[in-house]
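Chain by chain, the residues:
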Amino acid sequence: MKARIKWVEGRTFVGESGSGHKLVLGTTHGDDGKTPGPSPMELLLIGTGGCSAIDVVHILEKGREAVEDCVVELDSDRAPTDPKVFTRIHMHFIVKGKGLSHDKVKRAVQLSAEKYCSASIMMGKTATVTHDFEVVDTAAQ
């Protein structure tokens with residue numbers, strides 16, 4: 001896996017993945033108080049949630065579950081001093097579909113957390129990573 005980061009100005013950079021996707025990242029605050037893009041630590045958190053969400057949807061689809069949507073809401077804490085590593089990450093999954101099995105969603109979340117999600121397993125080296133989930137049956141709506 002390869003990536004490239006190019007400095008633009010101030011604390012603004014453009015990252016390019018080995019697959020050719022680009023994104024702006026940075027920590028410079030403009031007059032409006034916004035950053036030019038997510039910070040590197042925000043990207044780590046987003047990547048961790050994305051890795052796990054991909055696993056959960058893939059596992060459920062392989063189990064022939066009718067997944068219609070999957071959202072992961074992340075909440076985290078970081079160490080107060082440098083290096084400000086993540087010390088706590090909580091992932092709350094909201095999985096929607098028709099007649100989804102609660103047990104299969106639970107198993108998919110557990111498999112991602114314990115076996116498949118490289119990002120959350122790696123983050124677990126410095127942070128306590130926890131998970132919970134809710135299942136929304138769209139057939140009942």
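Look a little higher up for the structure.
Residues numbered from 1 in each chain as written. Predicted model: local features only at pLDDT ≥ 70, side-chain atom pairs only at ≥ 80, totals over all residues. Heavy atoms only, no water.

Q: Before we go on, may I ask you to explain the overall build of the chain in this structure?
A: A tally of helices and strands in the chain yields three helices and six strands. Sequence-ordered secondary structure for the chain, helices as α and strands as β, is β-β-β-α-β-β-α-α-β. Seen through its principal axes, the chain has C-alpha atoms that stretch 50 × 35 × 30 Å. By residue count, 27% of the 141 residues in the chain fall in the buried class. (Helix = DSSP H or I, 4+ residues; strand = E, 2+ residues; numbered from the N terminus. Buried < 20%, exposed > 50% of the residue type's maximum accessible area, 1.4 Å probe, protein only.)

Q: How should I be thinking about the side chain of Ser-39 in this particular structure?
A: Residue placement: Ser-39 occurs in the loop between strand 3 (22-26) and helix 1 (40-62). Those residues in contact with Ser-39 that lie beyond four places of it in its chain are Gly-26 and Thr-27. (Contact = heavy atoms within 4.5 Å.)

Q: Sorry if this is basic, but what is going on with the environment of Asp-82 here?
A: Following the sequence through the fold, Asp-82 ends up in the loop between strand 4 (67-78) and strand 5 (86-97). Linking Asp-82 and Met-122, residues 40 residues apart in sequence, is a C-alpha distance of 19 Å.

Q: Help me out: how do you make sense of the pattern of salt bridges in this one?
A: Any two side chains of opposite charge can pair if their charged atoms end up close together. Counted under the stated rule, the structure contains four salt bridges. When the shortest N-O distance is used, the salt bridge between Lys-104 and Glu-65 registers 3.4 Å. One end of the pair, Lys-104, is in helix 2 (residues 102-116); the other, Glu-65, is in the loop between helix 1 and strand 4, and 39 residues separate them in sequence. Exposure remark for Lys-104: the relative accessible area of 38% places this residue in the partly exposed category. Glu-65 gets classed as buried once you look at its relative accessible area, which sits at 13%. Arg-88 is paired through a salt bridge with Asp-75; the nearest N and O atoms lie 2.5 Å apart. Residue Arg-88 is found in strand 5, and its partner Asp-75 is found in strand 4; the two are separated by 13 residues along the sequence. Overall, Arg-88 belongs to the partly exposed group, its relative accessible area being 27%. The structure contains a network of salt bridges with shared partners spanning Asp-75, Asp-77 and Arg-88. (Salt bridge = Lys/Arg side-chain N within 4 Å of Asp/Glu carboxyl O.)

Q: Explain the packing of helix 1 against helix 2 to me, please; I cannot follow it from the model alone.
A: The description of two packed helices rests on the angle between their axes and on the distance between the axes. With their axes 9 Å apart at the nearest point, helix 1 and helix 2 run at an angle of 130 degrees to one another. The pairing of helix 1 with helix 2 is recorded here as oblique in orientation. Seen along the crossing, helix 1 lies across helix 2 with a hand that is right-handed. When helix 1 is examined against helix 2, the residues Ser-52, Asp-55, Val-56, Ile-59 and Leu-60 are found in contact with a partner set consisting of Lys-104, Val-105, Arg-107, Ala-108, Val-109, Leu-111, Ser-112 and Tyr-116. Each residue belonging to the contact of helix 1 with helix 2 can be placed in one class, and the counts come to eight nonpolar, two polar and three charged. (Axes fitted to C-alpha atoms, helices over the stretch in contact; angles between N-to-C directions. Parallel < 35°, antiparallel > 145°, perpendicular 65-115°, else oblique. Left-handed = near helix turned anticlockwise from the far one by under 90°. Nonpolar A, V, L, I, M, F, W, Y, C, P; charged D, E, K, R; others polar.)

Q: I tried to follow the nonpolar core on my own but got confused; where do I start?
A: Nonpolar side chains in soluble globular proteins generally cluster together in the buried interior. Formed by 17 residues in total, the largest nonpolar core has its most connected members in Val-56, Leu-60, Phe-86, Ile-89, Phe-93, Val-95 and Val-105. Contributions of two or more residues to this core are made by helix 1, strand 5 and helix 2. Not counting residues within four places of it along the chain, the set of residues in contact with Val-56 comprises Cys-70, Phe-93, Val-95, Ala-108, Val-109 and Ser-112. (Core = buried A, V, L, I, M, F, W, Y, C linked by side-chain atoms within 4.5 Å.)

Purely geometric stuff here, so don't read any function into it on its own.
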